[in-house]
Amino acid sequence: MDAATLTAYDPAAPLNVSEETAAIELDSGVTVHDLAWDSPLGGRVSAWLVLPDGAGPFPGIVYLHGSETGRNDFVDEAIAMAHGGAASLVLDAPFSRTGENQRAHLSDFGNPEDERGMTAQAIVDVRRAYDVFAERGDVDMERLAFVGHSWGASLGVVLAAVDPRPGSLVLLSGRPSWTGFLRAERDGSIRALHGVYGDEKWNRYLDLMAPLDAMAEAANVEGRRLYFQYGSADDVVPPDVARELTDAVPDAKLDMYESGHALDDGATADRAAWLVERLGLTPIPADALDAVGLPDQESVPGA
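All of these numbers come straight from a predicted model, not from anything done at the bench.

Procedures and definitions
- Residues numbered from 1 in each chain as written.
- Predicted model: local features only at pLDDT ≥ 70, side-chain atom pairs only at ≥ 80, totals over all residues.
- Heavy atoms only, no water.
- Core = buried A, V, L, I, M, F, W, Y, C linked by side-chain atoms within 4.5 Å.
- Buried < 20%, exposed > 50% of the residue type's maximum accessible area, 1.4 Å probe, protein only.
- Helix = DSSP H or I, 4+ residues; strand = E, 2+ residues; numbered from the N terminus.
- Pairing = 2+ DSSP bridges.
- Axes fitted to C-alpha atoms, helices over the stretch in contact; angles between N-to-C directions.
- Contact = heavy atoms within 4.5 Å.
- Polar contact = N/O pair within 3.5 Å; in protein donor to acceptor, adjacent residues only side chain to side chain.
- Parallel < 35°, antiparallel > 145°, perpendicular 65-115°, else oblique.
- Left-handed = near helix turned anticlockwise from the far one by under 90°.
- Salt bridge = Lys/Arg side-chain N within 4 Å of Asp/Glu carboxyl O.
- Expected span 1.5 Å × (residues − 1).

> How do you make sense of the nonpolar core when you look at a structure like this?
One broad trend across soluble globular proteins is that nonpolar side chains are buried collectively. Within the largest apolar cluster, 53 residues are counted, with the highest numbers of intra-cluster contacts made by Trp37 and Leu89. When residues of this core are assigned to their parent elements, the largest contribution, nine residues, is made by helix α3 (residues 112–136). The next biggest cluster of nonpolar side chains, apart from the first, holds 33 residues, and it includes Ile61, Met81, Ala86 and Ala288.

Written out as structure tokens, the structure is:
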């Protein structure tokens, strides 16, 4: 089963968007809304909607975090981008939702069907975020972008292959192939996990998850839509591993930073500038960018 099949959904299905708590109005005129809507694959998506001052239509950005955080990871960056006139939806992945809306989890080697379903759901949820933008009517559907970090960046490649709407995708520190990493078994802990689950379960997990690897869809992506950012000191996705993906999409923009997996402030400024140019935004003020933390450092809106 390929990624297009796994991430298909009915775009006519009702979204049932609701505002969960009172909006947060910042001194800058930016407003942060706590939204939820129905996911076609179960539960309710939780997301921050960050709106600039004014009536629009605004360019729209969707953010997806990495494997160890949630929607608070990128909300500070979305607020900074609102200073340039962008509207953003900053999503929780299905595993980061709370209560009855939470779905599965990562590295579930004994239940690969559940993990593959949850991973596909994350991509569907991002696709539905663009439907939320369309339903609102204050977003310019010709100027859409995506930003993802780590796990979210890897899924961004799959998103680009199955959905043409985001014309600009910034992918930070994305692993080319999760299953390729596991197959290589470079780490003693990975070999130990293989031993615990046995060959049959291990290989079934790899086979089921492989269609949602970035490398599985890299050849189906127009490189000019993508901007890769990697760190030369990244111990999660080292430069030689990153090159597997960047070499597969040679027309993409690529910047390498003297940093680790979370990159650095220079990367933050560079992707903001790229999105400003691509989406036709007003340049982001320096003080707004200074307030942005690095990925994997969650912030609370209005705090």
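> What is the right way to look at the sheet that holds strand β3 (residues 44–51) in this model?
Hydrogen bonding along the main chain pairs the strands of a sheet, whether they run parallel or antiparallel. Here nine strands make up an open sheet; going across it, the order is β1-β2-β3-β5-β4-β6-β7-β8-β9 and the pairing mixed. If you trace the sheet from one side to the other, it starts and ends with β1 (18–25) and β9 (253–257), each paired once. Between one strand axis and the next, the sheet turns through 20 degrees on average, direction left out of account. Pairing between strand β7 (residues 168–172) and strand β8 (residues 226–231): four bridges, direction parallel. From the neighbouring strand, Leu169 faces β8, where its bridge partner is Leu226. Contacts between helix α2 (residues 75–82) and the sheet are confined to β2 (31–38), β3, β4 (58–64), β5 (87–91) and β6 (139–149), with β3 contributing the most and set at about 35 degrees to the helix. Sitting on the sheet, helix α9 (residues 265–279) touches β4, β6, β7, β8 and β9, and the angle it makes with β7 is about 170 degrees.

> Explain the side chain of Ser46 here, please?
Relative to the helices and strands, Ser46 is located in strand β3. For Ser46, a relative accessible area of 15% translates into the label buried. Within the structure, Ser46 has its side chain in polar contact with the side chain of Asp92 (distance 2.7 Å). Setting aside anything within four residues of it in sequence, one finds Ser46 in contact with Leu35, Arg71, Val90, Leu91, Asp92 and Arg97.

> I would appreciate a short explanation of the packing of α3 against helix α6 (residues 188–209) in the present structure.
When two helices pack together, their arrangement is captured by the angle between the axes and the distance separating the axes. For the pair α3 and α6, the least separation of the axes is 9 Å and the interaxial angle reads 20 degrees. Here α3 is positioned roughly parallel relative to α6, judged by the angle of their axes. The handedness of the crossing between α3 and α6 is right-handed. From α3, Pro112, Glu113, Glu115, Arg116 and Thr119 reach across to α6, where they touch Arg204, Tyr205, Leu208 and Met209.

> How do you make sense of the pattern of salt bridges when you look at a structure like this?
Pairing between side chains of opposite charge can happen when their charged atoms approach one another. According to the stated counting rule, one finds 15 salt bridges in the structure shown. A salt bridge links Asp131 to Arg165; the shortest N-O distance between them is 2.6 Å. Taken together, the residues span a long stretch of sequence, with Asp131 in helix α3 and Arg165 in the loop between α4 (151–162) and β7 at a distance of 34 residues. Using a relative accessible area of 10% as the deciding quantity, one classes Asp131 as buried. Residue Lys253 pairs with Asp255 through a salt bridge whose shortest N-O separation is 3.6 Å.

> How should α3 be read in this particular structure?
The periodicity of an α-helix, 3.6 residues per turn, causes residues three or four places apart in sequence to face the same way. Along its 25 residues, α3 runs 36 Å from first to last C-alpha, staying within 8% of the 36 Å computed at 1.5 Å per residue. With 19 of 25 residues buried, α3 is to be regarded as a mostly interior element. Once α3 ends, the next one or two residues include Gly137, with phi positive near 90 degrees.

Honestly, that's just the spatial picture; any functional story needs more than this.
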